[in-house]
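For reference, the chains in residue letters:
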Amino acid sequence: MRFFEYEAREVVKRAGIPVTDYGFTTDAAEAREIAQRIDGPTVIKSQVLSGGRMKAGGVKFADTPEEAESHAREILQLEIAGHMPRGVLVDPKAEVEQEYYAGVVWDGIRKQPVMIFSPVGGIDIEQVAEEQPEKVGRRHFSNILPLSDFEAKEVIAATGVTGSALNKLVPIVKRLAQLFVENDMVLAEINPLGRLADGSFVALDAHMDIENEARGRHKKLLADLGVGDEETRQAREATPFELAGEEVDSQDHRGVAGNVTEFDGNLGLVIGAGGGSLTLFDAVRAHGGKPANYCEIGGNPSVSKTCGLAKLVLQKPGVEQIAVMMSIVSNTRVDIVARGVIKACLELGHDPGEKIAIFRIPGAWEEEGFKILEKYGVDYADRSVSLNEAARRAVEKIGGASA
Amino acid sequence: MRKDGTFIAVAVEDGAAADAELARKLTEACPVDIFAQGAGGELEIVQDNLDECVLCRLCLDASPPNTLSVIKLYDGDAVLA
Ligand code: SF4
């Protein structure tokens, strides 16, 4: 779940990282009061979760409190990428000598956080990494063991920063890494991190994203920031296809057959089993396949629920075949899933042997399941075939990537 | 009486199907609601739920021998024993 900039700045401030004397408001008159308190030029920034604020006119500079009020009024009415702003942030226009970048992201492959630092800030770090790779320092660190100053120092020093700047940056980068771990984040970024004329550093903008599943562990922080339980802050609204998936899942209490995400490929997926669904989705893509959807089945969904999900996927425009795959199941019955997906094909007038590219669910009641699959001529694989190989076969069958 | 789903069929001797007490027992026993009782207490087989059968044999345990069969249509009409 993403934080608005004003919330991310609060998190940064609480961690002891210097921030500017900003103010957040939803009211243009109050923006003027904040600018008066700042007593100098200000920047008025739209608080939306989408990028491209500057280009869209959501960031404006003001020399006087009156100008700040007028900009705030405009920005509060300005829709950016389909989102109305939550409010505006009124920030002192800092006299910055140099802009830096400090960030921490979760590396899903290494299963560890990685600290990233660059003396080139204010632009996307991806651009810096591409154009000036020597200006980007990176280092994985443990999210279990205590973090040392040395680890932060190594990342910063690798980019050529030395002396007093290095010493001042170490606690900032270390605190950012700590707050990332403490708050179960997947992204914590200060960009730009400004160096002022007196050599001090101040966070000028921050982006943070907390792991959705960890929200329950951070109730106090979220309450302090005013984030309600009902706020999902998804990157986009659910599509009708995804809503229909929710409907299928909610109609029957037995098991899970939902959590559908829509993509635009030709291979429908009926997948599940813990992290198996993510692994399978990635495997399909790694083999050049184009998934039409992501979903999760597990916990022994009923035949009708599995059938409902499979029908939904089969009816999605562009879907040519479906792949039904899970890792070895113990709490889901192979025969029940087999019945569900075959029934979906039959009810839609398809030949299950044609429509199901592969069925790879070994585990509980597999003998019964395999009998059903054989009767309907469905190509199936047992546990001797890996998830990766099953995904490869499905992609091969559908003729590789769709056009 | 017999009703067929896509994967499962259930057959009950007509005499047994008229037994309200057996109908009550079967309705209570089946975990996926394949049995119900009609207005007169007689047994009914719920067509929509047939394919949900989990092959648990509880209905066989609840009924007298040779009065009820659960048939696996996908397995050469094998009868659940
Ligand atoms: S075997 Fe179990 S699930 Fe199937 S009809 Fe009998 S009681 Fe119901």
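Structure: see above.
Keep in mind the model is a prediction, meaning the values are calculated, not measured.

Time to look at the site of the ligand. Taken together, the residues surrounding the ligand are B:Cys30, B:Pro31, B:Val32, B:Ile34, B:Phe35, B:Cys53, B:Val54, B:Leu55, B:Cys56, B:Arg57, B:Cys59 and B:Leu80. At a threshold of 2 Å from the grid points, most atoms of the ligand map onto the largest cavity.

Before going further, it helps to spend a moment on empty space enclosed by the protein. All chains considered together, the criterion is met by one cavity of 30 Å³ or more. Its volume calculated, the largest cavity comes out at about 90 Å³. In terms of residue class, the lining of the largest cavity is built from 14 nonpolar, no polar and one charged.

Turning our eyes to something else, we now look at the packing of helix 9 (residues 276-286) of chain A against helix 14 (residues 387-397) of chain A. Residue and element names in this part refer to chain A. Look at helix 9 against helix 14: their axes get within 8 Å of each other, and the N-to-C directions meet at 45°. Regarding the angle of helix 9 to helix 14, the classification is oblique. The interaxial crossing formed by helix 9 with helix 14 has right-handed handedness. Here Thr279, Leu280, Ala283 and Val284 of helix 9 lie close against helix 14, whose contacting residues are Leu387, Asn388, Ala391 and Val395. Counted by class, the contact of helix 9 with helix 14 contains six nonpolar, two polar and no charged residues.

Residues and elements named next belong to chain A. Where helix 10 (residues 303-314) contacts helix 11 (residues 334-347), the two axes come as close as 7 Å, and the packing angle between them is 45°. Looking at the two axes, helix 10 sits oblique to helix 11. Helix 11 is crossed by helix 10, and the crossing has right-handed handedness. The residues of helix 11 that touch helix 10, namely those facing Val303, Thr306, Cys307, Ala310, Lys311 and Leu314, are Ile336, Val337, Arg339, Gly340, Val341, Lys343, Ala344, Cys345 and Glu347. Its residues assigned to classes, the contact of helix 10 with helix 11 shows nine nonpolar, two polar and four charged.

Another point: the pairing of strand 6 (residues 112-118) of chain A. Residue and element names in this part refer to chain A. Counting buried positions along strand 6 yields six of seven residues, so the element is predominantly enclosed. Across seven bridges, the pairing between strand 5 (residues 96-107) and strand 6 is antiparallel. Paired with Tyr101 across the strands is Ser118, a residue of strand 6. Hairpin connection, strand 5 to strand 6: the antiparallel pair is bridged by four residues, and Lys111 has positive phi, about 60°. Here four bridges tie strand 6 to strand 7 (residues 137-140), and the two strands are oriented antiparallel to one another. Looking at the pairing, Ile116 lines up with Arg138 of strand 7.

Moving on to the sheet that holds strand 1 (residues 2-4) of chain B. All names here are of chain B. Ordered in space as 1-2-5-6, the four strands form an open sheet in which the pairing is antiparallel. If you trace the sheet from one side to the other, it starts and ends with strand 1 and strand 6 (78-79), each paired once. Across three bridges, strand 1 lies against strand 2 (residues 8-12) in antiparallel orientation. If you follow Arg2 over to strand 2, its bridge partner there is Ala11.

On to the environment of A:Lys355. Residue and element names in this part refer to chain A. On the secondary structure map, Lys355 appears in helix 12 (residues 352-355). Placed 13 residues apart in sequence, Lys355 and Ile342 show a C-alpha to C-alpha distance of 9.2 Å. In this view, Lys355 contacts Leu314, Val319, Glu320, Gln321, Ile322, Cys345 and His350; residues no more than four positions away in its chain are not counted.

Our focus in this paragraph is the nonpolar core. The biggest cluster of nonpolar side chains holds 82 residues, and the ones touching the most others in it are A:Met325, A:Phe359 and B:Phe35. The greatest single-element share of this core, amounting to eight residues, is contributed by helix 11 of chain A. Discounting chain neighbours no more than four positions away, the residues touching A:Met325 are A:Leu269, A:Val270, A:Ile271, A:Gly272, A:Leu280, A:Val284, A:Ile358, A:Arg360, A:Ile361, A:Ala390 and A:Ala391. Residues A:Leu89, A:Val104, A:Met115 and A:Ala165 belong to the second largest nonpolar core, which totals 46 residues.

Reading guide: rules and limits
- Residues numbered from 1 in each chain as written.
- Chains lettered and ligands numbered in written order.
- Predicted model: local features only at pLDDT ≥ 70, side-chain atom pairs only at ≥ 80, totals over all residues.
- Heavy atoms only, no water.
- Near = heavy atom within 4 Å.
- 1 Å grid on protein atoms, 1.4 Å probe; cavity = no way out; pocket = protein on both sides within 12 Å on 5 of 7 lines; lining within 4 Å.
- Sits in = over half its atoms within 2 Å of the grid points.
- Points joined across faces, edges and corners; volume = space filled by probe spheres on them.
- Nonpolar A, V, L, I, M, F, W, Y, C, P; charged D, E, K, R; others polar.
- Axes fitted to C-alpha atoms, helices over the stretch in contact; angles between N-to-C directions.
- Helix = DSSP H or I, 4+ residues; strand = E, 2+ residues; numbered from the N terminus.
- Parallel < 35°, antiparallel > 145°, perpendicular 65-115°, else oblique.
- Left-handed = near helix turned anticlockwise from the far one by under 90°.
- Contact = heavy atoms within 4.5 Å.
- Buried < 20%, exposed > 50% of the residue type's maximum accessible area, 1.4 Å probe, protein only.
- Pairing = 2+ DSSP bridges.
- Core = buried A, V, L, I, M, F, W, Y, C linked by side-chain atoms within 4.5 Å.

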